[in-house]
Structures are given as structure tokens and as C-alpha cells.
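Next come the chains, spelled out residue by residue.
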Amino acid sequence: MRVEVGSTLWFLLRDRAAVISAGFLLSVALAAVFAPILTPYAAQGMGDPDLSRKFAAPGIEHPFGADGLGRDQVARLMFGARRSLSMGVLVVVAAIAVGTPLGVVAGYLGGWVDELLMRVTDVFLAFPPLLLAIAIAAALGASYVNAVAAIAATWWPWYARLARAQTLSVRERAYIEAARGIGVRHRVIMRRHILPNILTPIVVQGTLDVGTAILVAAGLSFIGLGTQAPYADWGVMISDGRLYFLSGRWWLSTFPGLAIFLTAMAFNFLGDGVRVAADPRLRRTL
Amino acid sequence: MVEPLIKVQDLSMQFLRKAGLFGRGGQRVRALNGLSLHVRAGETLGVVGESGCGKSTLARCVLRLLQPTAGSIRFDDVDLLALNDEDMRRMRRRMQLVLQNPFSSLNPRMNGFELVAEPLRAHRSMPRKEMRDLVVDLLTEVGLSAEFLSRHPHQLSGGQAQRIALARALALNPDLIILDEPTSALDVSVQAQIINLLVRLQRQRGLTYLFITHDLSVVQHISDRIAVMYLGKIVEETSSEDIFANPRHPYTQALLSSTPSPDPAAKRQRIILPGTVPSAANPPPGCAFHTRCPQVMEMCRARIPHSRLIAEGHRVSCHLYEASA
């Protein structure tokens, strides 16, 4: 395992798009973590108004301008990144944590367990994801945590399916039969033999999905079902600025929009890079 | 006669081969077709047969990794087919399996310690220190050292990997080890080392082996008795000296004549069998071997020969010997 992670990293470092993406994401993450130190407008970033600077245009003082309550957009973006990034990551982590074990159990045990679990995932997949997330978030109440739970609830079936498909192929390997012959319990086989050997495609898919999850989370926040005022995430910022866009205050929605776009794209490049680097058969095409 | 450690009677295993999208229904593949054998405690029974004759199915059925369709398997006088899953799991600590290719039968993500400790974790609980000492002892016993604790399978040679697989099998101090082509994936020089190791382990630990192979010359040295398998059945079974000196079944004779001899002076007439092994999905009527048998008679096409004791410990299923018995 150690060796494989090492060689994957080695190949990943040779993928320029992935390295640049990782660098970009790292700086966004650092900006989010150290926002209070990095910006002189930390209080505004957390939501305090400063009406003297209402709708300040981009300039030296406020490179991305200020919003209707006079809050510096750079600070808002940095503090917003905390929520947007963490929502994206938490959604994927939660979806993997729920979907993967169910998929492994379904694929390994087969039979009626498989049938039951897969029909449940089918039901979840039958709903349009955003609509289901809206329904769940609305039912649970609008908040950051509920938005994460709502999106994860629409997302885990994909990981259940992926994990099941991978399990079906790993299950036939000789070392699974050898472990059964030794008398290893089923749950130990699933945990120690199947799980480590299906993790790579799941991690790859997870990396690819974080960007999309950020987009969906921004969508929920945009319609008011995610992060609540006075805090902001990028979706809330787009939503707040959209009314002024056509009246010339273009900077309000444009910069959070760009932030979402670039972050989602960076996760896609990174995920693609990991996928290629983790698969020895794809490496040669580099 | 001592009661055998393992006794297999009339074992049948049929697989249902699923029909394709436009096929007309499934087909039954008879991998085992009323097979009987027994292994006494402390001895080695070599089971020899061509690929596709059901050897590996036999190994898996005895361990109940596959559920046989019919027949009985008694291990130390316990009916294995009557055990529930948990009791069968516990029983597996007394019977272990070593597979052909160690690189596919060892999880590539586990290191030497995890691999050898796995059976201990499955059946016993002990402090980690004690487990480590035991694993090192096991590695030493199969000719490896403590430095292999941290090695992963891809860092091992074929012989080393198969030794790890053997250490795993020995960990629980089993009574029976089923060896399914344990040397076929190895170089000839390494094959001999593994065979010698198996012989030594058997002597030291009083193990019982069920040694399955396609290669007569491999089992010749290690087996007390040899059973020859053809299309899911044992066709001849006798002591390992006797099978070379006095083969009776035409299939055994052909098999022996195809085994290369290390002695260039030994001239033997080779018996070339026509055709290939018939499909187990559609075995020939009567004696399954009649389509290729050089001594085929009229009755062979119609009647299935019964297993007959033609001498002390020598059983043959062939119409040629029905009259003489």
C-alpha cells in the first residue's frame, strides 16, 4: 500500500494540470483557514456591515469591490470559501462513508441482500438530485449541516453502485477464496480484503465529485436552503448580487461565480490526474 | 484398518452454466460425478488428472467453499455437509488450503506478518507480542526469516511467496492440508525445494496431505497413494509404487507413458490418446473414457464400470477387470 501511494504521487507530480490545480486548491484552502489574518476586513468577512462603503467598485482598496452592506468582497470570498469548500468535501466524505459499505455488502453477499440494497439505491437515483436535496433541506430546515446531509443523501447511491461493481470483480480473486478457506469471517474479509482493494477508484471518483458537490451546495445556498446570513458562502454571494448585476454592479456575482468555476474545475483536473496516476495502464499515455 | 481422516463418498458437483441472451436454457456441467476417496491420518494422497477433470472443484468441495450437489464428506467422522456455516468456519482451522499461484492467493496489500497472522486472528485471540513471535516461528519453519514480516507479495520470489502461503496454512496447526497444484506455478528447481519442505513438515508435524496435481512426477515422491482422476471420477487408486509398476486402467497407462523419464536409457512405448477430454457438460455415456480408450469394448459404450478391488489396496473402474475380480 505504501509503495503504491508513493508511485501514484510520483506520477501525479508529472501531470502539470493536476499540480497547478492542487496548488490552486491548496491556496484557496489556506486563504480560507487563515482568512482572519490575511484580510484587514475580517469582521466584514464574517458579516458585519460597513455602510460607508456600500457598493464600492473594484479598486485599490477593494480589489473585488464591496456589496450592498459595504462588505469587502475579498474577505467575503475568503470566509465563504470555508463553507463552500467544507460543504463540498463533507458531502463527498459522507456519501462515501454511507455508500461504500453498503455497496461492498451488496456485492459480496449477493442474493436478496444485494437485491434489496440495489433497489433502495434505484429509488434514490430515480429522483432528480437537486430536487431531492431541496425537499430534504426544506424538510430538515435550512442550515449548513442540513444542506450537507441533504446533498449527501442524494449522492451515496453512486458510491454504493461503484463499490458494488468493484466488489464483484475483487470477490472472484483467489486471495478471497484463500481467506475463506482459512476460515476468516465474512465481515473481516470485507473489511481487510475487499475494502482496501476497491478504495482507489472510490478516492478518484470522490476527488472528481468534490467540485460538483460545491456547485450543488452553492445551488442550495443560492435558493436560501444552505448557509444562512450573516454568514456567506459563494452560492449566497451570487444570490445576493444577482439583483444588481444588470444595473452595473457586475462584481457582486461575478467573483464568487469565478471562484466556484475555478474550484470545481481544479477538482476535476486533480481527480483526473489521480485517476491516471493510480492506474498503471493509463500512466503510459502521459 | 484405521478410520480415515477424510472420507469422500459419491461426491457430485454440478454447475449450472447460464445460457446466453439468446441461448436455449442453461446447461449442467458435471465437474464431479460420483467421486469417492479417503485419506488416512498422516498419509499423502496424490490426486492426478488432466486440467478440466474437476481436481480443483474437488479441493473446494472438501473445504465446502463450494456446496456439492450430492454425496457425503466426513472429516474425522464429522459430516461436513451437515454443519452450519459457523461450525464449518470453525472446522476450517483443522483443514487448510494452499493454492497454485501464491501471487494471486495472497492479498497484494498485506505484508508478511498480516498474511501469516490472518488465520490466527480468525480463530484465536492472543496478545500482539505473542502473535508476532508465533509468526516469526512459522516463517522460520518454512525457511524464511523475520525480515519477511514487512514484505509485500510483489517483493517476493515465487518460492518465497509459496512459503508464506504454507506458513499461513500451518499457523493453526491443522490436521489436513489440501494442496491444489502447489508447485505448478514455480520453477522446476523451486518445485523440488517446496516438495522437500512439504515432506519435512509432514514428518515433523504429522500432517495429512491431499495433494492435487496434473503432474505425476511431482506427486510420485511425496505420495503414499495415488488416485487418478478422469472427468470427475477416480478411475484408479493404489499405492504410489504400485501405480508406476503396475498401472491397470488404460488411462493411467497413457498418463504414465506421457511422463518424461529422467533416465534416457529407459525406453518406453508412448501411448498417444486420440482427441481431447470430452466436455463435462456432456459426458459420454457408459465409461466416460471410452471415446479415447485404446482398449475400448462394446460394453464400455453402454455401461458405467464400477470400482473394483483387484488387489490389496488397488482399485480400478474399468470393464477390462470386471471379469477377473
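Rules behind the numbers
Residues numbered from 1 in each chain as written. Chains lettered and ligands numbered in written order. Predicted model: local features only at pLDDT ≥ 70, side-chain atom pairs only at ≥ 80, totals over all residues. Heavy atoms only, no water. Helix = DSSP H or I, 4+ residues; strand = E, 2+ residues; numbered from the N terminus. Buried < 20%, exposed > 50% of the residue type's maximum accessible area, 1.4 Å probe, protein only. Pairing = 2+ DSSP bridges. Contact = heavy atoms within 4.5 Å. Axes fitted to C-alpha atoms, helices over the stretch in contact; angles between N-to-C directions. Phe/Tyr/Trp six-rings, centres within 6.5 Å; stacked < 30°, edge-to-face > 60°. Lys NZ or Arg CZ within 6 Å of the ring centre and 35° of its normal.

Enquirer: Looking at this structure, how should I read the side chain of Gln191(B)?
Expert: If you trace the backbone, Gln191(B) turns up in helix H7 (residues 188-205). Judged by relative accessible area, Gln191(B) falls into the buried class, the value being 16%.

Enquirer: Is there a simple way to think about the sheet that holds strand S4 (residues 70-75) of chain B in this case?
Expert: Strand pairing in a sheet is mediated by backbone hydrogen bonds. Such pairs are either parallel or antiparallel. All names here are of chain B. Read from one edge of the open sheet, 4 strands run S2-S1-S4-S5, paired in antiparallel fashion. Two strands lie at the open edges of the sheet, namely strand S2 (27-39) and strand S5 (78-79), each paired on one side alone. For S4 and S5, the ladder comprises 2 bridges, and the chain directions are antiparallel. The residue bridging Phe75 from the neighbouring strand is Val78, located in S5. Packing against the sheet, helix H1 (residues 55-62) makes contact with strand S1 (6-17), S2 and S4, and its axis sits at approximately 115 degrees to S1.

Enquirer: Hey, could you run me through the packing of aromatic side chains in this one?
Expert: Two aromatic rings are characterised by how far apart their centres lie and by the angle between their planes. In this structure the tally under the stated criterion is 9 aromatic pairs over all chains. Each ring, one from Tyr251(B) and one from Phe289(B), has its centre 5.2 Å from the other, and the planes form 65 degrees; the classification is edge-to-face. Of this pair, Tyr251(B) sits in helix H10 (residues 250-257) while Phe289(B) sits in the loop between H10 and strand S11 (307-311); the two residues are 38 residues apart in sequence, bridging distant segments of the chain. For Phe289(B), a relative accessible area of 2% gives the class buried. Three or more aromatic residues joined by ring pairs form one cluster here, namely Phe64(A), Trp250(A), Trp251(A) and Phe255(A). Above the face of the Trp10(A) ring, Arg14(A) is positioned so that its terminal group lies 3.7 Å from the ring centre. Over the face of the ring belonging to Tyr144(A) we find Arg83(A), whose NZ or CZ atom lies 5.1 Å from the ring centre.

Enquirer: Please clarify how H1(B) should be interpreted in this entry.
Expert: In an α-helix, one full turn covers 3.6 residues, which means residues spaced three or four apart are oriented alike. All names here are of chain B. Among the 8 residues that make up H1, 7 are buried, leaving the element largely enclosed by the rest of the structure. Three or more residues of H1 are buried, namely Lys55, Thr57, Leu58, Ala59, Arg60, Cys61 and Val62. In the stretch just after H1, Arg64 is the one whose phi turns positive, near 55 degrees.

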